[in-house]
Amino acid sequence: MLTKRHLAHAQGYLELGMLAEAAAELERIAALDAMSREVCAVRLALLHERQDWAAARDLAQTLVARTPEDAGIWVTWAYATRRAESLEAAEQILREAERHHPTEATIQFNLGCYACQRGDLKLARRRVDQAIALDSKFAALAATDPDLAPLRAHGASTDCQPGG
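The structure displayed is predicted, hence computed values, not measured ones. (Residues numbered from 1 in each chain as written. Predicted model: local features only at pLDDT ≥ 70, side-chain atom pairs only at ≥ 80, totals over all residues. Heavy atoms only, no water.)

*Asks:* Please explain unusual backbone geometry as it appears in this structure.
*Replies:* Most peptide bonds are trans, and most residues other than glycine sit at a negative phi. Not every positive phi belongs to a glycine, and Q51 is a case in point at roughly 55°. Within the secondary structure, Q51 sits in the loop between α3 (37-50) and α4 (53-66). (Helix = DSSP H or I, 4+ residues; strand = E, 2+ residues; numbered from the N terminus.)

*Asks:* I keep staring at the packing of helix α5 (residues 71-84) against helix α7 (residues 105-118) and nothing clicks. Help me out?
*Replies:* In a packed pair of helices, the relevant descriptors are the angle between the two axes and the axis-to-axis distance. Remark: α5 packs on α7, axes separated minimally by 10 Å, with the N-to-C direction vectors making an angle of 20°. Between α5 and α7, the angle falls in the class roughly parallel. The way α5 lies across α7 gives a crossing that is left-handed. Residues A71, V75, A78, Y79 and R82 of α5 touch α7, and the partners they reach there are T106, I107, N110, Y114 and Q117. Taken together, the residues that form the contact of α5 with α7 break down as six nonpolar, three polar and one charged. (Axes fitted to C-alpha atoms, helices over the stretch in contact; angles between N-to-C directions. Parallel < 35°, antiparallel > 145°, perpendicular 65-115°, else oblique. Left-handed = near helix turned anticlockwise from the far one by under 90°. Contact = heavy atoms within 4.5 Å. Nonpolar A, V, L, I, M, F, W, Y, C, P; charged D, E, K, R; others polar.)

*Asks:* Would you mind showing me how to read the confidence of the model for the chain here?
*Replies:* Looking at the chain, pLDDT values average 92 and 94% of them are 70 or higher. Confidence, expressed as mean pLDDT per element, reaches its minimum in the chain at helix α1 (residues 2-15) with 92 and its maximum at helix α6 (residues 87-100) with 98. The model gives residues 156-164 a pLDDT under 50, and that stretch makes 18 contacts with residues more than four places away or in other chains. (pLDDT = per-residue confidence, 0-100.)

*Asks:* Quick question: what am I supposed to make of the side chain of H6 here?
*Replies:* With respect to the helices, strands and loops of the structure, H6 is situated in helix α1. Setting aside its immediate chain neighbours within four residues, H6 contacts E25, R28 and I29.

What follows is the structure, given as structure tokens:
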């Protein structure tokens, strides 16, 4: 019960932007519970807010090893890796993630963003279209995502349907 209370307090502090207080609450959690899925999720959110990309990358990598079926954690690992290391390292992670989650729209979208940043607009278009086909919410995101600016600048409309 104590872990749940500390975790709830940590989440509340995090929502209020009180990062030091959130970290202190997480530190109060017993070692036995410190690597539970719930605690790790809050710890990962804290690391994201602190922009501690290396630590976020390491924790996300550990979580992927424990729960490779969770597509979201792969995306988190790639996001942190891009910031801690490089776009190339993040892209390698998502290519592996794609093998585990071939129909995950977020993975396709991010691979499209990475391709666009590398200058491969044809591949970027294909990946973004695939993401939109899997989940239409990515059409609006494609119209504003800064990573896709080169795609939009070259007249490769990001609001068309797949194959368009």
